[in-house]
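In case you want the letters, here they are:
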Amino acid sequence: MKYIADLHIHSRFSRATSSKLTPEQLWLWAQIKGIGVVATGDCVHPGWLKELKQKLTPCGNGFFSLKPEFRKEVENEVPAACKADVRFILSTEISSIYKKTGKVRKVHNVLYMPDFETAEKLASRLEKIGNIKSDGRPILGLDSRDLYEIALSCNPDCFCIPAHIWTPWFSVLGSKSGFNSIEECFGDLTKYIYALETGLSSDPLMNRRVSSLDDFYLVSNSDAHSPANLGREATIFDTDFSYPGLLNSLRHKNDTGFLGTIEFFPEEGKYHYDGHRNCKCRMHPTETLKNKGLCPVCGSPVTVGVMSRVEELADKPEGKTGQKSRPFISAIPLAEIIADSMDIGKASKKVDLMYSTLNQSLGSEFSILMDIPIADIEKAGNSLIALGIQRVREGKVNLSPGYDGEFGTISIFSDKDRKKNA
């Protein structure tokens, strides 16, 4: 069965997240987006785990569904054209901060598990190590390798995906506190790492320049902090619709169940270029080298972004592929396309109204972005939105790269386009 999965999100128990992050809202928005499997996030947090046990029911195959009595609260909000099965997979992100080989490491990893019993066992083990109650994404002084060993001891069918692997401050390959290879981080357990998360600031082409990553699949997820941000990035599978089906598609070298990813344009990510946010200074890696890593405005060290870090570790030219390489699609969220067509913010009610109109007429966001004929989009919306989606499909967009925690900006339309299609 072919489906789209978003395997890295958070609950409202994590810091800086929306209060609307509930199982009901995740179920609703997964359908609006076109996502078949959505991670729960934060499943070792006592409050969230309690709520998940109350509202989700096991499907008998490692996935979970929202109980009917909780679906009733939001099912009328699902456009008829978007209605579909949604399953949940138990997940949690752990922030590990520890010292290894003389350097402080800060690494985020996402763990997955097939049942509540495993989640409870893992929570019990982690609670003895640090505080898992204050934040849905707990911060633990625990080596990434040891964290994974604990998870596997709770259930050998647990698996780990290192999160947003190039983010400067908190990732396995990050410029500020990461390693130079996956093996340096996970040691003897590297053989049980099957996939890596590219993060919003990189795409598969960038990652494939590093030969030490050849043995891993590259997945993409939203890391959503609100329901509406589900599917900013996502992964496409064609497997048995189950936890073993998903896991086996990552485990087996010759398995065809992993089809590819839906990606941000990496320039839109918060750490694509180098720079210094306080001085509004965005720098291409060549500029960083020229300035010896210092901000030309204030003289402070700049935050070295993903593009520079990939270049530092790369040993292949762009375009090389391997056995684990899969196609990917670069996309822009539908609300951003609509907002650009109107030259207004994406939080506008006008944007919400047009987004809803397209959902009701055509179906889910992913189907609109990737599959629906342009002529049908023009009929349901307008010619400018249809033109925007066509340009995004063709990669014809204007990009101002993100840097030092500032999202990049993308423009699709000129004032001339808007006047012509008014």
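Remember, it's a predicted structure, so these values are computed and weren't measured experimentally.

Reading guide: rules and limits
- Residues numbered from 1 in each chain as written.
- Predicted model: local features only at pLDDT ≥ 70, side-chain atom pairs only at ≥ 80, totals over all residues.
- Heavy atoms only, no water.
- Core = buried A, V, L, I, M, F, W, Y, C linked by side-chain atoms within 4.5 Å.
- Buried < 20%, exposed > 50% of the residue type's maximum accessible area, 1.4 Å probe, protein only.
- Contact = heavy atoms within 4.5 Å.
- Helix = DSSP H or I, 4+ residues; strand = E, 2+ residues; numbered from the N terminus.
- Pairing = 2+ DSSP bridges.
- Right-handed = clockwise from strand over helix to strand, strands pointing away.

Engineer: What's the story with the nonpolar core in this structure? I'm lost.
Structural biologist: Core analysis: the biggest nonpolar cluster contains 121 residues, and Tyr 148, Phe 159 and Leu 250 have the highest contact counts within it. The residues contacting Tyr 148, other than those within four sequence positions of it, are Leu 111, Cys 158, Phe 159, Cys 160, Phe 186, Leu 189, Tyr 192 and Ile 193.

Engineer: Help me understand the environment of Ala 422, please; the structure alone is not making it clear to me.
Structural biologist: Looking at the secondary structure, you find Ala 422 in the segment after helix 16 (415-420). By relative accessible area, which is 90% here, Ala 422 ends up exposed. Separated by 58 residues in sequence, Ala 422 and Ser 364 have C-alpha atoms that sit 26 Å apart.

Engineer: I'm lost on the environment of Phe 63 in this one. Help?
Structural biologist: Mapped onto the elements, Phe 63 comes out in the loop between strand 3 (56-58) and strand 4 (64-66). Judged by its relative accessible area of 1%, Phe 63 is buried. Once the C-alpha coordinates of Phe 63 and Ser 361 are considered, the two residues, 298 residues apart in sequence, prove to be 30 Å apart.

Engineer: Even after reading the chapter, I still don't get the pairing of strand 1 (residues 2-6), so can you show me in this structure?
Structural biologist: Each regular strand carries side chains that alternate between the two faces of the sheet. Within strand 1, 4 of the 5 residues are buried, leaving the element largely enclosed by the surrounding structure. Note that strand 1 and strand 11 (residues 234-238) share 4 bridges and pair antiparallel. Across the sheet, the residue bridging to Lys 2 is Asp 238, located in strand 11. Pairing geometry for strand 1 and strand 2 (residues 37-39), over 2 bridges, is parallel. Paired with Ala 5 across the bridge in strand 2 is Val 37. Since strand 1 and strand 2 lie parallel, the crossover through helix 1 (residues 23-33) that links them has a hand, and here it is right-handed.

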